[in-house]
2 protein chains.
Amino acid sequence: MPPDLNLRISPRTVQQETVDKLRLAILSGLFQPGSRLIESQLCAQLGISRPSLREALRSLEAERLIEIVPNRGPSIPALSWEVATAIYEVRELLEVEAAGRCASRISPAQLDELKRSLSAFEEAALSKDSIAQVMTAADFYSIILANCGNPILEEVHRGLVARISFFRGRSMSLEGRAQSSLAEMREIFESIAAGDENAARKASKQHVLKAKAAAKISMDSDI
Amino acid sequence: MPPDLNLRISPRTVQQETVDKLRLAILSGLFQPGSRLIESQLCAQLGISRPSLREALRSLEAERLIEIVPNRGPSIPALSWEVATAIYEVRELLEVEAAGRCASRISPAQLDELKRSLSAFEEAALSKDSIAQVMTAADFYSIILANCGNPILEEVHRGLVARISFFRGRSMSLEGRAQSSLAEMREIFESIAAGDENAARKASKQHVLKAKAAAKISMDSDI
DNA sequence: TCAACCAGATTGTCTGACATTCTTTCAATC
DNA sequence: GATTGAAAGAATGTCAGACAATCTGGTTGA
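## Digging into the interface of chain A and chain B
For step 1, the next point in the chain: With 25 residues of chain A in contact, the opposing surface of chain B contributes 24 residues.
For step 2, the next point in the chain: Taken together, the elements giving at least two residues each to the side of chain A that touches chain B come down to α3 (50–62), α4 (81–103) and α7 (151–163) of chain A.
For step 3, the next point in the chain: It is α4(A) that contributes the most residues to the side of chain A that touches chain B, seven residues altogether.
For step 4, the next point in the chain: Split into classes, the residues belonging to the side of chain A that touches chain B amount to 14 nonpolar, five polar and six charged.

## Focus on the protein's contact with DNA strand D
For step 1, the next point in the chain: Looking at DNA strand D, there are 17 residues lining it, with A:Glu39, A:Gly73, B:Thr13, B:Val14 and B:Ser52 nearest.
For step 2, the next point in the chain: For the surface near DNA strand D, the secondary structure elements donating two or more residues are α2 (39–46) of chain A together with α1 (14–27) and α3 (50–62) of chain B.
For step 3, the next point in the chain: Across the surface near DNA strand D, the residue classes tally to seven nonpolar, eight polar and two charged.

## Brief notes about the relation of the copies chain A and chain B
For step 1, the next point in the chain: Screw-axis analysis of chain A against chain B gives a translation of 0.0 Å along the axis, an RMSD of 0.1 Å, and a rotation angle of 180°. Such a turn and shift between the copies fits a two-fold axis. Rotation axis and chain A: the residue whose C-alpha lies nearest the axis is A:Glu55, separated from it by 2.4 Å.
For step 2, the next point in the chain: Most of the interface of chain A is mirrored in chain B, where 96% of its interface residues again form contacts.

## With respect to the environment of A:Met135
All names here are of chain A.
For step 1, the next point in the chain: Turning to its location among the elements, Met 135 is positioned in helix α6 (residues 130–146).
For step 2, the next point in the chain: On the neighbour-count criterion, Met 135 (15 C-beta atoms within 10 Å) is partly exposed.
For step 3, the next point in the chain: Along the primary structure Met 135 and Ala 124 are separated by 11 residues, whereas in three dimensions their C-alpha atoms are 9.2 Å apart.

## Details of the confidence of the model for chain A
All names here are of chain A.
For step 1, the next point in the chain: Mean pLDDT over chain A works out to 92, with 95% of the residues at or above the 70 mark.
For step 2, the next point in the chain: When pLDDT is averaged over each element of chain A, α3 comes out on top at 98 and helix α8 (residues 165–172) at the bottom at 86.
For step 3, the next point in the chain: Contacts from residues 1–8, a stretch scored under 50 in pLDDT, to residues over four places away or in other chains number zero contacts.

About the thresholds
Residues numbered from 1 in each chain as written. Chains lettered and ligands numbered in written order. Predicted model: local features only at pLDDT ≥ 70, side-chain atom pairs only at ≥ 80, totals over all residues. Contact = placed C-beta atoms within 7 Å. Helix = DSSP H or I, 4+ residues; strand = E, 2+ residues; numbered from the N terminus. Nonpolar A, V, L, I, M, F, W, Y, C, P; charged D, E, K, R; others polar. Near = placed C-beta within 6 Å. Least-squares fit on C-alpha atoms with pLDDT ≥ 70 in both. Buried ≥ 20, exposed ≤ 12 C-beta atoms within 10 Å, placed from the backbone. pLDDT = per-residue confidence, 0-100.

Below you can see the structure in the form of structure tokens.
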């Protein structure tokens, strides 16, 4: 029996592929905020039919990664600073809780995993590759969220972070932000490693607040 | 020019109507958990075409109100108690925060609105109409969430509460649950009316915890 | 009894079509 | 010259029909 059987339990459909491709394209900033997406163009570029594309667009709409106005079609929403602030606030709520829970329940194996992801971010921080920085940082959080013992917390957090990826890329390229981010993340890690729930919460809160401040600076500084 | 010119009327499309109808059907428990939805049947019942229906289903899938497994189609997810617990925990996080913020920022007009919705729940609690109870209680929360000053908090909360509507209907029909629920909600209201942020948080937390306990009882008692 | 297999049911996807609704262009009017 | 209005073009909303791939349940054969 072919060994790739376990990889094919759930067949990937055109719709799933399309959602993933478009999500990646949006998160990496390929489309300008406010720009409209033309169905026929996307169909041609992706090599799929309109019904399949429209299903994918509905999924992305529900994730709030695109907006669909009747008779005007899909577009990339321009994230206002008000909404971004609201997202950062909820993110703080969730992330602080997750870090606290994680501190008292993470397994040694996962802790090791977390340490490795911190190292990966450290390496990225030394380089000037802001894309790598954002990705490794996202890995770090996702390990924490995955080990907080609450899958819903993880799910909601992922959805929110996706919507502010736009800001995260920009703020990471601020002078010195990667370094101070590294320091904050190290503090979170140390607290979790020590099993100190309160310290983990405090460090996590600090981190989100500073990330928000950095996002605001990067937004104000250029427009 | 008026500052906030948002007069754009958005026409209701077949897809939106369909999503609303199906969501209502799901939330009111019309479909058994675990049961499958047959596209052709739904098309006939709703009088729409398959592409339109499939778009609507993708929206509902993203809201986690249905599951779609490739080559098996859509079905109503059976909510495990583990996931329900996780949802209640996050709901607590969000609702407590919202109640706290609401206490220090709600306007007199909205406070009056809140009072009216509490009265509506009181009336529903006296009757034995558990559907009316769930609906009026939902109104009460939604006013609080709408006045917490954070639209994201509101949005996330709405999504989570929708997924546990199944439990809320059952637990409301428990002997005495509506009455104690009323007492808890009244306490939340009084705290908010007094502008006492800490009391609002405490009352809100109590309320969610008791709602969770009631849901567990109603789940264990019949299977 | 159990496995293989077959027929019906269902989904995934595509093509093509058409009415409705923007958007843009260009001319006419004031 | 600016504004209005109309017409052409583009894009979306929606449908119908088709077909292959896949699942499901029951029947057959060993």
